[in-house]
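Chains, contacts and geometry: an overview
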Amino acid sequence: MLGDDDLERYSRQLLLPAFDIAGQEALGRARVLVLGLGGLGSPAALYLAAAGVGSLVLVDGDDVEPSNLQRQLAHGEADLGRNKARSAADAVAALNAGTRVEVVAERADGARLRRLAGRVDLALDGSDNYPARFALNRACIAAGIPLVSAAAVRTEGQLATFHPASGGPCYRCLVPEEGATGALSCSESGVLGPVVGAIGSLAALEAIKVLTGYGGDLRGAVLTLDLFDYQVRRLALAPRPGCPDCRR
């Protein structure tokens, strides 16, 4: 039940007719796994906590470096050399002490991700490499939970939600693992900080929509954005016949 402090804190969300108290209570019960606390995971985790998500599991094995500070806004200069999941957990706690946080300060392998996915309601992928993305995809399929997947580089971004348990495609339907030879990286291709901020914020919005049933979401679709000249497209995505992960 929402207390008086909650009603005041989340009042702007509660004013939305199709969201109201039921949506807020759904967020309070929700458990979300965030993989990667960099440029995408930083704003996503902060907005999820600010919105009132009850529990976050933050997973990242990397430490904060000077080049991260241009875009990874969960971390500051005082966090240089610290683990990103721990740094982000402190930022979440400073923003909303009511959000419970579990820190996994290491690179999680497939088995660890499967165990973590089995304890949450939704996973949000802000990682920057294909092995992590494919491993989390398989973990979410095994757990039967939705996966919100975000990616960004240069001025381009991509967002989708995969949930084969509800009849939709999985991440491997979009990106066949056998053809994924190397993802573009910010360290090699560059990126503007607000671009990952925008995509990470949209990922948090998408997670909130899926968790509460508020508005339309991106299950069965891929949203692509090129913010250099503000080109935005929504593309339909169907399950791929013969996909070895979701077995269509």
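A brief report on the enclosed structure follows. Please read these numbers as outputs of a predicted model, since none were measured by experiment. Within each chain, residue numbers correspond to sequence positions counted from 1 in written order. Local features in this predicted model are restricted to residues whose pLDDT is 70 or higher, and side-chain atom pairs enter the listing and the counts only when it is 80 or higher, whereas totals over whole chains, interfaces and linings include all residues. Side-chain metrics rest on all non-hydrogen atoms present in the structure, leaving aside hydrogens and water.

1. Considering the nonpolar core
Stated formally: Nonpolar core, defined: a set of buried Ala, Val, Leu, Ile, Met, Phe, Trp, Tyr and Cys residues in which side-chain atoms within 4.5 Å join the residues together. Burial classification: accessible surface area is computed with a 1.4 Å probe over protein chains only, and a residue below 20% of its type maximum counts as buried, one above 50% as exposed, and the rest as partly exposed. Helix and strand assignments come from DSSP, with helices taken as H or I runs of at least 4 residues and strands as E runs of at least 2, each series counted from the N terminus. Pairs of residues are marked as contacts when any of their non-hydrogen atoms sit within 4.5 Å.
The biggest cluster of nonpolar side chains holds 41 residues, and the ones touching the most others in it are Val32, Leu48, Leu56, Leu58 and Leu124. Among the secondary structure elements, those contributing two or more residues to this core are strand 1 (31–35), helix 4 (41–51), strand 2 (55–59), helix 5 (84–95), strand 4 (122–125), strand 5 (147–153), helix 10 (193–212) and strand 7 (221–226). The greatest single-element share of this core, amounting to nine residues, is contributed by helix 10. When residues no more than four places from it in sequence are discounted, the contact partners of Leu48 are Val32, Val34, Val53, Leu56, Leu124, Ala204, Ala207 and Ile208. With 26 residues, the next largest nonpolar core counts Val57, Leu113, Ala132 and Val222 among its residues.

2. Here we look at unusual backbone geometry
Notably, Asp20 is not glycine yet its phi reads approximately 40 degrees, a positive angle. By the secondary structure assignment, Asp20 is in helix 3 (residues 20–29). A relative accessible area of 31% places Asp20 in the partly exposed class. One non-glycine residue, Arg154, lies in positive phi territory at about 55 degrees. In this fold, Arg154 is placed in the loop between strand 5 and strand 6 (156–162).

3. Description of the side chain of Thr161
Spelled out, the test is: N or O atoms closer than or at 3.5 Å make up a polar contact, with two conditions inside protein: a donor-capable atom paired with an acceptor-capable one, and, for residues adjacent in sequence, both atoms drawn from side chains.
With respect to the element layout, Thr161 can be found in strand 6. Looking at Thr161, its side chain comes within polar contact range of the side chain of Glu206, at 2.6 Å. Leaving out residues up to four positions away in the same chain, Thr161 has contacts with Pro146, Leu147, Val148, Glu206, Val210, Leu218, Arg219, Gly220 and Ala221.

4. Digging into the environment of Cys243
Its location among the elements puts Cys243 in the segment after strand 8 (231–236). Overall, the relative accessible area of 1% leaves Cys243 in the buried class. Distance from Cys243 to Pro176, taken between C-alpha atoms, is 8.1 Å for residues 67 residues apart in sequence.

5. Considering helix 7 (residues 130–143)
Basically, it comes down to this: Take the number of residues in a helix, subtract one, and multiply by 1.5 Å to get its expected span.
Look at helix 7: 20 Å from first C-alpha to last across 14 residues, which is about the 20 Å you get at 1.5 Å a residue. Among the residues of helix 7, the N-terminal cap falls to Asn129, whose side-chain oxygen and the backbone nitrogen of Ala132 are separated by 2.9 Å. Positive phi appears at Gly144, one or two residues downstream of helix 7, with a value of about 70 degrees.

6. Thoughts on the packing of helix 4 against helix 10
Stated precisely, the cut-off is as follows: Where helices are involved, their axes are fitted lines through C-alpha atoms of the stretch in contact, as for all axes, and angles between N-to-C directions lie from 0 to 180°. What sets the label is the angle itself: under 35 degrees gives roughly parallel, over 145 gives roughly antiparallel, 65 to 115 gives roughly perpendicular, and the rest give oblique. Should the near helix be turned anticlockwise from the far one by less than a right angle, the crossing is termed left-handed; should it be turned clockwise, right-handed.
The N-to-C vectors of helix 4 and helix 10 enclose an angle of 40 degrees; their axes lie 8 Å apart at closest approach. Judged by the angle between their axes, helix 4 and helix 10 are oblique. Both helix 4 and helix 10 take part in a crossing whose hand is right-handed. Contacts between helix 4 and helix 10 involve Pro43, Ala44, Tyr47, Leu48 and Ala51 from the former and Val196, Gly197, Gly200, Ser201, Ala204, Ala207 and Ile208 from the latter.

7. A closer look at the environment of Val92
With respect to the helices and strands, Val92 occurs in helix 5. For Val92, a relative accessible area of 0% translates into the label buried. As a C-alpha pair, Val92 and Ala165 span 73 residues in sequence and 30 Å in three-dimensional space. Residues contacting Val92, with those up to four places away along its chain left out, are Ala45, Leu46, Ala49, Leu56, Thr99 and Val101.

Any functional reading would require information that these geometric values do not contain.
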